[in-house]
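Here is how the chains run, residue by residue.
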Amino acid sequence: MNEQISAASLYDRVARVIPKAEWMGFQDDVEAILELKRKRNAVILAHNYQTPEIFHGVADIVGDSLALARKAMEVEADVIVLAGVHFMAETAKLLNPGKTVLIPDMAAGCSLADSITPEDIALLRKAYPGVPVVTYVNTSAAVKAASDICCTSGNARQVVESLGVPRVLMLPDEYLAKNVAMETNVELIAWRGHCEVHELFTADDIRELRESHPGVIVLAHPECPPEVVEAADFSGSTAVMSDYVGRERPARVVLLTECSMSDNVAVHHPDVEFIRPCNLCPHMKRITLGNIRTALEENRHEVTVDQAIAAAARRAVERMLEV
Ligand code: SF4
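Remember, it's a predicted structure, so these values are computed and weren't measured experimentally.

### Quick look at the UniProt feature "binding site: [4Fe-4S] cluster" (unreviewed entry) in the protein
Logical step 1: Summarizing the sequence annotation, UniProt attributes the feature "binding site: [4Fe-4S] cluster" (unreviewed entry) to Cys-110, Cys-195 and Cys-281 in the numbering used throughout. Considering the C-alpha atoms alone, the annotated residues occupy 172 residues of sequence yet fold into one spot, their largest mutual distance being 9.2 Å.
Logical step 2: Among the residues examined, Cys-110 registers a relative accessible area of 13% and is labelled buried.
Logical step 3: If sequence neighbours within four positions are ignored, Cys-110 has contacts with Val-85, Phe-87 and His-283.

Next comes the structure, spelled out in structure tokens:
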């Protein structure tokens, strides 16, 4: 929690990744947001892909989307501001129905979440009768509601195997499904959704990185294409990558995921050299200190989920949490 900390003293946390002159431009918004949080009894949840001035400057809870929503269930706050994309705000609302959930920019979407609709799932169920539907948490509440159970990139294999069936529809990330298929005997039927950030990485990128940065350890997110995951040294969710760096302390590392992740992890590991090929998520980058401040000042944009959809979507998420 940052409640008793001033913007000026916060600079020490981010000095390695934000030039002082740039931070001076953030200070006014940071001070205002810290004050607004106190006034409104609000917490800010920031995804790992948020920029360091948000992640280390004003956030109370940080992590991947599911960790954010789960941790928010433990705090006594009236208002949650989700510094992330829309499906994450919906998930926070599903798990915290009594709290006001705000997203600073309603247009913060996601190529994966946008790749599939409940109608697509209805068609798939007709084409594959009786085959259970597992959906990645990077989906809308309506899509979660149309599925049997959710999964994250960290628990996908366990979720699929927990169903005890030979075939599963695993939606909507084609690459995540193919990467998980390499680790399990369950047959996975994939959809054609891709993350527009992770699909850009190639196995050639890894070859070039190894040549230009000898000894580099390559960590790839499972939303990357299978040939990228195969060429990497290790694959895992953002939380797992962060844990890996803390545990193994590689001298030199590259995280094949969204740009800001390296900045945010690097803050805690001054002894590790981070190589930073940069693929930005344009949706995540719609969130700024300025619109977080406005969200708290003007109570916008409130995220709501239809009650029937929320109940079904919550069941799919809670079923996953029981695995
Ligand atoms: S990084 Fe990819 S999966 Fe994450 S919000 Fe952006 S488009 Fe969606």
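### Some thoughts on the state of the cysteines
Logical step 1: With the rule as written, the count across this model stands at 1 disulfide.
Logical step 2: Sulfur-sulfur distance for the disulfide between Cys-259 and Cys-278 comes to 1.5 Å. Of this pair, Cys-259 sits in helix α13 (residues 259-266) while Cys-278 is found in the loop between β12 (273-275) and α14 (289-298), placing the two residues 19 residues apart along the sequence.
Logical step 3: Classification of Cys-259 as buried rests on a relative accessible area of 10%.
Logical step 4: No disulfide involves Cys-151; its sulfur sits 7.5 Å from that of Cys-150, the nearest cysteine.
Logical step 5: Since its relative accessible area comes to 1%, Cys-151 is described here as buried.

### A closer look at the UniProt feature "binding site: iminosuccinate" (unreviewed entry) in the protein
Logical step 1: On the UniProt side, "binding site: iminosuccinate" (unreviewed entry) is annotated at positions that read His-47, Ser-65, Tyr-136, Val-137, Asn-138, Ser-153, His-221, Pro-222, Glu-223 and Thr-238 here.
Logical step 2: Here His-47 shows up in strand β1 (residues 42-47).
Logical step 3: Note on placement: Glu-223 falls in the loop between β9 (217-220) and α11 (226-231).
Logical step 4: Beyond its immediate stretch of four places on either side in the chain, Glu-223 contacts Leu-112, Tyr-136, Asn-138, Asp-173, Tyr-175, Cys-195 and His-198.
Logical step 5: A polar contact is formed between the side chain of Glu-223 and the side chain of Asn-138, at a distance of 3.5 Å.

Reading the values: the criteria
- Residues numbered from 1 in each chain as written.
- Predicted model: local features only at pLDDT ≥ 70, side-chain atom pairs only at ≥ 80, totals over all residues.
- Heavy atoms only, no water.
- UniProt positions renumbered as here; feature names shortened; annotations may be inferred.
- Buried < 20%, exposed > 50% of the residue type's maximum accessible area, 1.4 Å probe, protein only.
- Contact = heavy atoms within 4.5 Å.
- Disulfide = S-S within 2.5 Å.
- Helix = DSSP H or I, 4+ residues; strand = E, 2+ residues; numbered from the N terminus.
- Polar contact = N/O pair within 3.5 Å; in protein donor to acceptor, adjacent residues only side chain to side chain.

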